[in-house]
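# Coordinate inspection notes
Listed here are the chains, written in short residue letters.
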Amino acid sequence: MTTQAAPPFPLDGARLTEALALAESAIGVSEPNPRVGCIVGRADGTLLGQGATQPAGQAHAEVMALRDAAARGHEVRGATAWVTMEPCAHHGRTPPCCDALIAAGVARVVIALRDPFEQVDGRGIEHLRAAGIAVTVLDASSPLALAARELNIGFLSRVVRRRPWLRMKIAASLDGRTALENGTSQWITGPAARADGHAWRKRAGAVLTGIGTVLEDDPRLDVRDVPTSLQPQRVIVDSRLQTPPGARILRPPGRVWLYAGDGAAAGRAALEATGMVDIRVLPDARGKVDLAALLADLAGRGVNELHVEAGHKLNASLLRAGLVDELLVYLAPKLIGLGREMAAFGPLTELDQSLAFRFVDTSRVGNDLRVRARPPGREVF
């Protein structure tokens, strides 16, 4: 298949950049589908239509762009479609986008990123070319392809690895403490960092915490500080089903998924009586929740990105198991001294036993510092 390391025409880069901005508007909207943007226009720079992926079961980006062009009274025959991910060629909840582009008579399609989903995976490109449409696919290493990949890293993880992209959020002091020794943690970071954290929650298909956090902090774990049309699924790791039936996390919006281990029968009836829980028992050899099996189950339920806000014990378990794909750490400019650590693992006897990460991004958020880090090579899949 022919690919281009960079867009062959200057307009391609500009239009794909605009399409990526449209794709970003699908955050908190399109789950579990990928975030895709599409621009339809002519080589002379005339914009005919544009669109982004709608909620699951509704129109994809290409169809939205074609509808927009029709609403504007534009004829798209002979035009170019710039799309951030390969158009689908299968009939799922909606008809194939390839068929819509072919029926509309577009002459050329420029694609930033190939879709690895097994029912697409090059078939969309082949279908378009078989219809006589010129197709350009960017090289996977090009900046625009990488941007499209980053925007959909959770979708790609679920499709290729059969598990969500796990992002662990931690708010801590400069000396790495997430709470005082007595458990007090509100608020280490400032309001800007908290709002930014909610924006990352919005990206996720699910937000996960552990029973320790539920009992100590009684969190809601919904998205409140930024607008969203779709609330992430809330998930609790609760080996013995100790979640109180009156916990705030069991209030709307939506039901909560609880994952339990062995010995979970005692509290089950009271929790199920709330009508707000879906309980699955996934024990490991020690009778606790099998975390790898949990991630596989979440992938089967359509979760692309998993946002973890948990305590030092569950954080440590996920890190030890090698299941953390990204750290999202907010550091406040203060020292606490003795207190709760980010993750309770170790002690290590050698420095080379440490868990290695590489910095992806550092940004100032209000008075705090946001650090994103990933294990080396984790994005390669």
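Before reading on, note that the structure itself is shown above.
A brief look at the structure comes next. All values derive from a computational prediction rather than experimental measurement.

What counts and how
Residues numbered from 1 in each chain as written. Predicted model: local features only at pLDDT ≥ 70, side-chain atom pairs only at ≥ 80, totals over all residues. Heavy atoms only, no water. Helix = DSSP H or I, 4+ residues; strand = E, 2+ residues; numbered from the N terminus. Rg over C-alpha atoms; globule rule 2.2 N^0.38 Å. Buried < 20%, exposed > 50% of the residue type's maximum accessible area, 1.4 Å probe, protein only. Contact = heavy atoms within 4.5 Å. Areas by Shrake-Rupley, 256 points an atom, 1.4 Å probe, with all protein chains shown as cover. Lys, Arg positive; Asp, Glu negative; His and termini not counted. Charge placed at Lys NZ, Arg CZ, Asp CG, Glu CD. Axes fitted to C-alpha atoms, helices over the stretch in contact; angles between N-to-C directions. Parallel < 35°, antiparallel > 145°, perpendicular 65-115°, else oblique. Left-handed = near helix turned anticlockwise from the far one by under 90°. Nonpolar A, V, L, I, M, F, W, Y, C, P; charged D, E, K, R; others polar. Core = buried A, V, L, I, M, F, W, Y, C linked by side-chain atoms within 4.5 Å. Pairing = 2+ DSSP bridges. Disulfide = S-S within 2.5 Å. Patch = residues over 30% accessible without salt bridge, like charges linked within 9 Å, V, L, I, M, F, W, Y side chains within 5 Å. Salt bridge = Lys/Arg side-chain N within 4 Å of Asp/Glu carboxyl O. Polar contact = N/O pair within 3.5 Å; in protein donor to acceptor, adjacent residues only side chain to side chain.

### Points about the overall build of the chain
- A tally of regular secondary structure across the chain gives eleven helices and 17 strands.
- Its C-alpha atoms give the chain a radius of gyration of 23 Å, near enough to 21 Å, the size a compact globule of 381 residues would have.
- Each principal axis of the C-alpha atoms in the chain carries an extent, and together these give about 65 × 45 × 35 Å.
- A burial count over the chain gives 52% of its 381 residues as buried.
- Taking all contacts inside the chain whose residues are at least 6 apart in sequence as the whole, residues at least 24 apart take part in 70%.
- Here the chain displays about 16,700 Å² of accessible surface, and carbon together with sulfur accounts for 53% of that area.
- The chain carries 45 positive and 41 negative side-chain charges, and their two centres are separated by 3 Å.

### Notes on the packing of helix H3 (residues 97-104) against helix H4 (residues 123-130)
- Contact geometry for H3 and H4: axes closest at 10 Å, N-to-C directions at 20°. One finds that H3 runs roughly parallel with respect to H4. Remark: the crossing between H3 and H4 carries right-handed chirality. Where H3 abuts H4, its residues Cys98, Asp99, Leu101 and Ile102 lie against Gly124, His127 and Leu128.
- Looking at the contact of H3 with H4 residue by residue, the class counts come to four nonpolar, two polar and one charged.

### Brief notes about the nonpolar core
- Counting residues in hydrophobic clusters, the biggest one holds 41 residues, and the most contacted among them are Val40, Val76 and Val109.
- Sequence-distant contacts of Val76, that is, excluding residues within four places in its chain, are made with Val40, Arg42, Leu48, Leu66, Ala69, Ala104, Gly105 and Val106.

### Remarks on the sheet that holds strand S14 (residues 326-332)
- The strand order across the open sheet formed by nine strands is S12-S11-S10-S9-S13-S7-S14-S17-S16, and the pairing between neighbours is mixed. Only two strands of the sheet have a single neighbouring strand rather than two, namely strand S12 (277-281) and strand S16 (358-365). Direction aside, the axes of adjacent strands within the sheet are offset by 20° on average.
- Most of the contacts of helix H7 (residues 191-203) go to S14, to which it runs at about 165°, and overall it touches strand S7 (165-173), strand S9 (206-210), strand S13 (305-308), S14, S16 and strand S17 (368-374).
- Sheet strands touched by helix H10 (residues 291-300): S7, S9, strand S10 (233-237), strand S11 (256-260), S12 and S13. Its angle to S11, the strand with the most contacts, is close to 150°.

### Examining the state of the cysteines
- This structure, assessed with the given rule, holds zero disulfides.
- Between Cys88, a cysteine without a disulfide, and Cys97, which holds the nearest cysteine sulfur, the sulfur-to-sulfur distance is 3.6 Å.
- In this model Cys98 remains outside any disulfide bridge; the closest cysteine sulfur is found in Cys88, 6.6 Å from its own.

### Some thoughts on a positive patch on the surface
- Residues Arg240, Lys288, Lys313 and Arg320 make up a contiguous surface patch of positive charge.
- Positionally, Arg240 belongs in the loop between S10 and S11.

### What about the side chain of Asp325?
- Along the chain, Asp325 falls in the loop between helix H11 (312-320) and S14.
- In this structure the side chain of Asp325 is engaged in a polar contact, spanning 3.3 Å, whose partner is the side chain of Arg163.
- If near-sequence neighbours (up to four positions away) are discounted, Asp325 is found in contact with Arg161, Arg163, Pro164, Trp165, Leu166, Ala373, Arg374, Pro375 and Arg378.

### Things to note about the packing of helix H2 (residues 61-71) against H3
- It is the contact of H2 with H3, at a shortest axis distance of 8 Å, that shows an interaxial angle of 30°. Relative to H3, the element H2 is oriented roughly parallel. Note that H2 runs across H3; the crossing there is left-handed. Here H2 contributes Glu62, Val63 and Leu66 to the contact with H3, which in turn contributes Cys97, Ala100, Leu101 and Ala104.
- Partitioned by chemical class, the residues of the contact of H2 with H3 number six nonpolar, no polar and one charged.

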